[in-house]
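Secondary and tertiary structure notes
Residue strings, one per chain:
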Amino acid sequence: MVEEYVKNTLIEHKTTGLMDIKADTACVGIYAYGQCPKAHDIFHEGDCGFCYGDSGTDGSLSTENALFFRMISDVYALEGTKDARCPALGNPWTWNDWRPILGENAWASLLGPLQSAFLAADGKADEIPDDSFALVLASNFLPAVRKLLIPNVGCVHYTAHNSYGDTDPDVGGLVSTENNGSLLAGLKALRYVLNAKVASQFKGLLAEVDSLIESVEGCLKQAYDTHLGFFLQGGRYNLTTREFEWNPGTGATGFAVDCQTWVMSALGKARVDAWFGEGTALKVWNKTAEIGGYKVSCDSGRCIPRGVGFSDNKADQVFSGEWTFGAINLLRILSAEYENIDPTMAIQLQADADGMREQITQELTVMVDFDRTPPAPEKQGDSSKAVKYANKRY
């Protein structure tokens, strides 16, 4: 099933109802910087095409190398439904996400396919064949990363310029810490596979992959605020001044749970502690639990949550399944790294991870009936366990 999806949807870059799921419209100029006079307002920004990186009209990418849109659908319109945003019009819900986001593409082109190929090869990276769709996707993805890289900063842009932002005409200028963490994990996975293969037509990518890893690690090092004790959410690059500014760690762009859990999972304890002092990774996790924890208990400077939310969670007590799995993953990594340093701490971290996993089972796991044909209410397919994204809207 995985191979069929990769082949028929990702490699072919289309679904049943969407004939092109890639942001490959040629770049005319960057709207936010006045390079595209044909777009007279932000709602016509799409007329300027997708501009990868900061080189203006040189930012076009071929369909093969362009990024996928963040969310895709089997169909464009869901017949029999009504768009609740403007119900009086009587229009059906339609697919309307036109953002080629770095993080989602790191999962679609690196992490997901490479992990699937690794499992299909029984955990033997050297036996992943050279004609694997995973390696094809990975090699096709790297030119976009090169274009989106900010050379003097080391960070990779959140998306292409001229991507739609209803309140931000320069969404292409943003940098996301979380997305750079996803990219780092994917690049490391690709390096692992390429190093394991004795001979491969893709061996020539290793030098570039190493260089990108070094750049992104440098970006994430800058994202850490030593005064606040956590990684900042991201920042913005100004194409006119050629200056990059990190968002402050307060307010709407302040603390985010996944900028700690996912970023430290990709970096590892050893790297974080080498940069900022022994025990820093554990301190960042403890602060994450304190600020973003769900049903958290703190005693003697150690906080144990039963899950995590998205950001400051003291009042809202959001319990996110996805983000808690990210926290569980981090704790399992930290536990493994502490085994030969502090066995007692390793046991505690694993117990904390197990406690959050059990809480997900208790509160967020549900049975879902699949394969319905809207608006038919009757069950038409199998049922399966699923985990809610969160316990409440947020």
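Structural notes, computed from the coordinates. (Residues numbered from 1 in each chain as written. Predicted model: local features only at pLDDT ≥ 70, side-chain atom pairs only at ≥ 80, totals over all residues. Heavy atoms only, no water.)

Quick look at the side chain of Thr159
- Take Thr159: it is sitting in the loop between α3 (133–148) and β3 (174–176).
- A distance of 2.8 Å separates a polar atom in the side chain of Thr159 from the backbone oxygen of Pro100.
- Within the structure, Thr159 has its side chain in polar contact with the side chain of Ser163 (distance 2.9 Å).
- Aside from chain neighbours lying at most four places away, what touches Thr159 is Pro100, Ile101, Leu148, Val171 and Gly172. (Helix = DSSP H or I, 4+ residues; strand = E, 2+ residues; numbered from the N terminus. Polar contact = N/O pair within 3.5 Å; in protein donor to acceptor, adjacent residues only side chain to side chain. Contact = heavy atoms within 4.5 Å.)

Re the environment of Leu78
- As for its placement among the helices and strands, Leu78 is situated in strand β1 (residues 77–78).
- Judged by relative accessible area, which is 39%, Leu78 ranks as partly exposed.
- Measuring from C-alpha to C-alpha, the distance between Leu78 and Asn91 comes to 9.6 Å, with 13 residues separating the pair along the chain.
- Setting aside residues no more than four positions away along its own chain, Leu78 makes contact with Pro92 and Trp93. (Buried < 20%, exposed > 50% of the residue type's maximum accessible area, 1.4 Å probe, protein only.)

Re the nonpolar core
- Ranked by size, the top nonpolar core spans 100 residues in total, and within it Tyr52, Leu183, Leu190 and Trp285 carry the most contacts.
- When residues of this core are assigned to their parent elements, the largest contribution, nine residues, is made by α3. (Core = buried A, V, L, I, M, F, W, Y, C linked by side-chain atoms within 4.5 Å.)

Section: the sheet that holds strand β7 (residues 243–246)
- Spatially, β3-β6-β7 is the arrangement adopted by the three strands of the open sheet, whose pairing is antiparallel. In this open sheet, the two edge strands, each paired with only one partner strand, are β3 and β7. Across the sheet, the mean angle separating the axes of adjacent strands is 25° when strand polarity is ignored.
- Bridge count for β3 against strand β6 (residues 234–238) is three bridges, and the pairing is antiparallel. (Pairing = 2+ DSSP bridges. Axes fitted to C-alpha atoms, helices over the stretch in contact; angles between N-to-C directions.)

Side note on the pairing of β6
- In the sheet, β6 pairs with β7 via four bridges, with the strands oriented antiparallel. From the neighbouring strand, Gly235 faces β7, where its bridge partner is Trp246.
- Hairpin connection of β6 to β7: four residues between the antiparallel strands, including Arg242 at a positive phi of 60°.

Description of the layout of surface pockets
- As a volume, the largest pocket reaches approximately 990 Å³.
- Around the largest pocket, the lining is made up of 31 residues, and of these Ser176, Glu178, Asn179, Asp258 and Trp323 lie nearest the centre.
- Listing elements by their share of the lining of the largest pocket, those giving two or more residues are α2 (102–120), β3, α4 (177–196), β6, α6 (258–267) and α9 (321–338).
- In terms of residue count, the dominant contributor to the lining of the largest pocket is α9 (seven residues).
- Broken down by class, the residue content of the lining of the largest pocket amounts to 13 nonpolar, 12 polar and six charged.
- Here the second largest pocket is characterised by a volume of approximately 280 Å³.
- Residue lining of the second largest pocket: 15 residues in total, with Glu3, Ala117, Ala120, Ser132 and Phe133 positioned closest to the centre. (1 Å grid on protein atoms, 1.4 Å probe; cavity = no way out; pocket = protein on both sides within 12 Å on 5 of 7 lines; lining within 4 Å. Points joined across faces, edges and corners; volume = space filled by probe spheres on them. Nonpolar A, V, L, I, M, F, W, Y, C, P; charged D, E, K, R; others polar.)

Remarks on α2
- The terminal C-alpha atoms of α2 lie 26 Å apart, and with 19 residues this matches the ideal 27 Å at 1.5 Å per residue to within 8%.
- All of the buried residues in α2 are Leu102, Gly103, Asn105, Ala106, Ser109, Leu110, Leu111, Pro113, Leu114 and Ala117.
- For α2, the elements touching its buried residues are α3, α4 and α6. (Expected span 1.5 Å × (residues − 1).)

Notes on the state of the cysteines
- Here the structure, examined in full by the defined rule, presents four disulfides.
- Between the sulfur atoms of Cys155 and its disulfide partner Cys219 the distance amounts to 2.1 Å. Residues Cys155 and Cys219 share a disulfide whose torsion about the S-S bond is about 95°; that sign makes it right-handed. Residue Cys155 is located in the loop between α3 and β3, and its partner Cys219 is located in helix α5 (residues 206–223); the two are separated by 64 residues in the primary sequence. As far as the burial class goes, Cys155 and Cys219 line up, both buried.
- Here Cys298 engages in a disulfide with Cys303; their sulfurs sit 2.0 Å apart. Linking Cys298 and Cys303, the disulfide has an S-S dihedral of approximately 110° and is accordingly described as right-handed.
- Counting only the cysteines that take part in disulfides, in the order they occur along the protein, gives the pairing 1-4, 2-3, 5-6, 7-8.
- Cysteine Cys259 remains unbridged, with the sulfur of Cys219 as its closest cysteine sulfur at 11 Å. (Disulfide = S-S within 2.5 Å.)

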